[in-house]
Amino acid sequence: MRELSLHILDIIQNAITAQAKLITLDIIEDRQNNWLTVTIKDNGKGMDEAFVKTVLDPFCTSRKTRKVGLGLSLFRTAAQYCEGDLTIASEVGVGTTVTVTFRLGHIDRAPMGDMGGTVVGLIIMNPTLDFCYGHQCNAQTFTLDTREIRAQLGDVPLNYPDVVEWLKAYTAEGLENIVGGVNTK
Amino acid sequence: MKSLEQLAAIRKKALDTVNIRTERTEGTRVVVGMATCGIAAGARPVLNAFTDEISKRNLSSVTITQTGCIGVCRLEPMVEIYTPGQEKVTYVNMTAEKVAEVVHSHLVNGIVINQYTIGAMA
């Protein structure tokens with residue numbers, strides 16, 4: 001995949017399939033130490049120890065339709081190209097945490113890509129789930145927590161058109177602020 | 001600047017204009033294939049194009065959701081449209097440009113674009 005955000009989208013789809021109600025995504029771009037860390041944590045049904053051991057194998061999957069499952073192994077390969085790795089911690093009934101590291105400045109590291117589109121897309125498609133997205137860069141952090149948004153909205157769903165517009169603008173603005181560059185507005 | 005406080009105004013407006021709950025349950029569903037195959041083939045731009053077009057036209061009865069692998073990975077990105085009382089329509093090899101046409105023709109005017117459907121590929 002050409003963007004890290006696409007890998008992230010893919011792994012979060014796993015969390016949704018695992019019936020998670022809250023999905024936490026944390027991205028830390030540590031320019032000083034040259035590390036990029038992506039953590040995806042869910043409170044879904046989790047995996048037992050034996051399954052965790054085999055889950056990175058591309059020929060391992062929980063679905064019944066066919067015998068391949070490439071998402072995690074593709075993400076791990078992308079990380080390993082960049083001196084990083086992918087690790088999984090999971091407990092049945094508690095949830096799963098996937099942690100992926102990259103050398104931030106590695107020449108093979110794919111660009112972050114459209115994180116805003118990824119996160120807002122996930123929220124719109126899953127208005128009943130909660131997402132907590134934190135993105136840290138240059139010692140600044142942008143946070144988008146659907147629990148806070150829901151508290152303001154009451155009964156109005158997260159995929160209501162005006163809310164969608166707000167989510168897009170809020171995320172784009174927040175990410176622009178932390179990633180830096182000259183703000184011309 | 002966007003702030004969380006603006007949401008309260010959106011809420012007030014939403015509650016004033018429509019009865020969200022009853023309208024939501026009966027609308028059309030747009031389902032985007034979001035497995036590894038779909039994502040790698042470009043499902044996200046397709047999804048974002050749908051949300052843009054739908055909010056531009058204020059189609060508040062249309063909901064967008066995802067599914068796993070539909071099973072024909074070579075035809076991804078795929079989109080299924082479920083309209084109550086009608087047969088499901090599956091669009092294949094979708095692009096953001098095609099989405100604008102599908103929203104205009106199918107979702108607004110109810111005319112299926114046959115050449116983009118899976119039937120045209122078989």
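This structure is a prediction, so every number in the text was calculated from the model and none was measured.

Reading guide: rules and limits
Residues numbered from 1 in each chain as written. Chains lettered and ligands numbered in written order. Predicted model: local features only at pLDDT ≥ 70, side-chain atom pairs only at ≥ 80, totals over all residues. Heavy atoms only, no water. Contact = heavy atoms within 4.5 Å. Buried area = accessible area lost by both parts, 1.4 Å probe. Salt bridge = Lys/Arg side-chain N within 4 Å of Asp/Glu carboxyl O. Polar contact = N/O pair within 3.5 Å; in protein donor to acceptor, adjacent residues only side chain to side chain. Helix = DSSP H or I, 4+ residues; strand = E, 2+ residues; numbered from the N terminus. Nonpolar A, V, L, I, M, F, W, Y, C, P; charged D, E, K, R; others polar. Buried < 20%, exposed > 50% of the residue type's maximum accessible area, 1.4 Å probe, protein only. Arc of directions from axis to C-beta. Axes fitted to C-alpha atoms, helices over the stretch in contact; angles between N-to-C directions. Parallel < 35°, antiparallel > 145°, perpendicular 65-115°, else oblique. Left-handed = near helix turned anticlockwise from the far one by under 90°.

### Here's the deal with the interface of chain A and chain B
Taken together, the contact between chain A and chain B spans 39 residues of the former and 37 residues of the latter. Surface buried jointly by chain A and chain B totals about 3300 Å² across both partners, of which 60% is contributed by carbon and sulfur atoms. It is M125, Q152 and W166 of chain A that lose the most area in chain A upon contact with chain B, and together they represent 20% of the buried surface on that side. For the pair chain A and chain B, the interface holds three salt bridges. Residue K13 of chain B is joined to D162 of chain A by a salt bridge in which the shortest nitrogen-to-oxygen separation is 2.6 Å. Taken together, the connections running from chain A to chain B amount to 14 residue pairs in polar contact (both at pLDDT 80 or more). Listed by contribution, the elements that provide at least two residues to the side of chain A that touches chain B are helix 1 (4-17), helix 3 (71-80), helix 4 (115-125), helix 5 (146-153) and helix 6 (161-179) of chain A. Take the side of chain A that touches chain B: its biggest share by element is nine residues, from helix 6 of chain A. Its residues assigned to classes, the side of chain A that touches chain B comprises 18 nonpolar, 10 polar and 11 charged.

### Concerning helix 5 of chain A
Residues and elements named next belong to chain A. Among all positions of helix 5, only T146, I149 and L153 are buried. Buried residues of helix 5, seen end-on, are gathered within an arc of 60° and therefore sit on one face of the element. The backbone nitrogen of R147 lies 2.9 Å from a side-chain oxygen of the residue at the head of helix 5, namely D145. Positioned one or two residues after helix 5, G154 has a phi angle of 65°, which is positive.

### Regarding the packing of helix 4 of chain A against helix 6 of chain A
Residues and elements named next belong to chain A. Interaxial distance between helix 4 and helix 6 falls to 9 Å at its minimum, and their mutual angle equals 150°. Relative to helix 6, the element helix 4 is oriented roughly antiparallel. Seen along the crossing, helix 4 lies across helix 6 with a hand that is right-handed. Residues M115, G116, V120, I123 and I124 of helix 4 form the contact with helix 6, whose own contacting residues are V164, L167, K168, T171 and L175. Each residue belonging to the contact of helix 4 with helix 6 can be placed in one class, and the counts come to seven nonpolar, two polar and one charged.

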